[in-house]
Amino acid sequence: MAGSKSSYEYEELLACARGELFGPGNAQLPYPPMLMFDRITEISETGGAFDKGFIRAEFDIKPDLWFFACHFIGNPIMPGCLGLDAMWQLTGFYLGWLGEPGKGMALSTGEVKFKGMVTPSVKKVEYGIDFKRVMRGRLVLGIADGWLKADGEPIYAATDLKVGLSKQSAAA
C-alpha cells in the first residue's frame, strides 16, 4: 500500500533521514549536506512516462552551498555525481513510500548523460523519476529513468537507475 501523502516538505525529509518516516530498519534519506533536494512536490504509484509511478522533487540552489566552494575554485559547479545520487535517493524514497521493507542501496544505472551544469546562478533544480518496474522478492528492486532540470532546462538524464531494499543489515 502506497503512502497516503503525495508531497513532502523539508522537515518531513529530515524525519526520513533520521529513520522516523518509514520506521526502523527501513528506507532512509541521507542527512544534509548529502540530502540533495528540499521538497518532494509529487509522488504517485501510477502515471509517469511508463505509467508505473513517479516522483518529482526540487532543490533550491544557493551560492553558498558546500560543494561550490571546492568544486571548482574559480569555476563553481555542482558535481554531476550529486545530481545522480539525488536520483538514487528519490528512487529509494519511493520504495519506502510504497511500504516496502528494508534498507536502501544504490545498485547501478544504465547510462548517464550531462548536457549542462548546475552553477551558483541557477535558482532551482527539479528532479523527475519515472518508474519502469518494482520487483518484490528477497530484495525489493526499483528500476527507473530519471532527469534533472536547472531552471526548467533539462541537463541530466539517467536510464535504468536501480535501487534495492535489503532486509539484511549493512554489517552482515
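Residues numbered from 1 in each chain as written. Predicted model: local features only at pLDDT ≥ 70, side-chain atom pairs only at ≥ 80, totals over all residues. Heavy atoms only, no water.

**A look at the UniProt feature "active site" (unreviewed entry) in the protein chain**
Phase 1: Mapped onto this numbering, the UniProt entry gives "active site" (unreviewed entry) at His 71.
Phase 2: Along the chain, the position of His 71 falls in the loop between β2 (54–60) and α2 (80–97).
Phase 3: Ignoring any residue separated from it by four or fewer positions in sequence, one finds His 71 in contact with Pro 76, Ile 77, Met 78 and Pro 79. (UniProt positions renumbered as here; feature names shortened; annotations may be inferred. Helix = DSSP H or I, 4+ residues; strand = E, 2+ residues; numbered from the N terminus. Contact = heavy atoms within 4.5 Å.)

**Some thoughts on the pattern of salt bridges**
Phase 1: Throughout the structure, instances matching the rule amount to ten salt bridges.
Phase 2: Between Asp 60 and Arg 39 there is a salt bridge, with its nearest N and O atoms 2.4 Å apart. Taken together, the residues span a long stretch of sequence, with Asp 60 in strand β2 and Arg 39 in strand β1 (residues 39–44) at a distance of 21 residues.
Phase 3: Linking Asp 145 and Lys 132 is a salt bridge whose minimum nitrogen-to-oxygen distance equals 3.1 Å. In this pair, Asp 145 sits in strand β6 (residues 140–150) while Lys 132 sits in strand β5 (residues 124–135), placing the two residues 13 residues apart along the sequence.
Phase 4: On the basis of relative accessibility, which here comes to 17%, the residue Asp 145 falls in the buried class.
Phase 5: Within this structure, Arg 39, Glu 58, Asp 60 and Lys 124 form a network of salt bridges that share partners. (Salt bridge = Lys/Arg side-chain N within 4 Å of Asp/Glu carboxyl O. Buried < 20%, exposed > 50% of the residue type's maximum accessible area, 1.4 Å probe, protein only.)

**Quick word on the packing of aromatic side chains**
Phase 1: What the rule picks out here adds up to eight aromatic pairs.
Phase 2: Look at Tyr 94 and Phe 131: their rings are 3.9 Å apart centre to centre, the planes differ by 20°, and that puts the pair in the stacked class. One end of the pair, Tyr 94, is in helix α2; the other, Phe 131, is in strand β5, and 37 residues separate them in sequence. Note on accessibility: Tyr 94 and Phe 131 belong to one class, buried.
Phase 3: Judged by centre distance (4.7 Å) and plane angle (90°), the rings of Phe 114 and Tyr 156 are edge-to-face. Linking Phe 114 in strand β4 (residues 111–114) with Tyr 156 in strand β7 (residues 153–166), this pair joins segments that are 42 residues apart in sequence.
Phase 4: Residue classification places Phe 114 among the partly exposed residues on the basis of a relative accessible area of 47%.
Phase 5: Tyr 156 sits in the buried class, given a relative accessible area of 5%.
Phase 6: Grouping aromatic residues by their ring pairs yields a cluster made of Tyr 8, Phe 22 and Phe 93.
Phase 7: The ring of Tyr 8 has Lys 5 sitting right over it, with the charged end atom 5.3 Å from the ring centre.
Phase 8: The lysine or arginine in question, Lys 149, covers the ring of Trp 147, its NZ or CZ lying 4.7 Å from the ring centre. (Phe/Tyr/Trp six-rings, centres within 6.5 Å; stacked < 30°, edge-to-face > 60°. Lys NZ or Arg CZ within 6 Å of the ring centre and 35° of its normal.)

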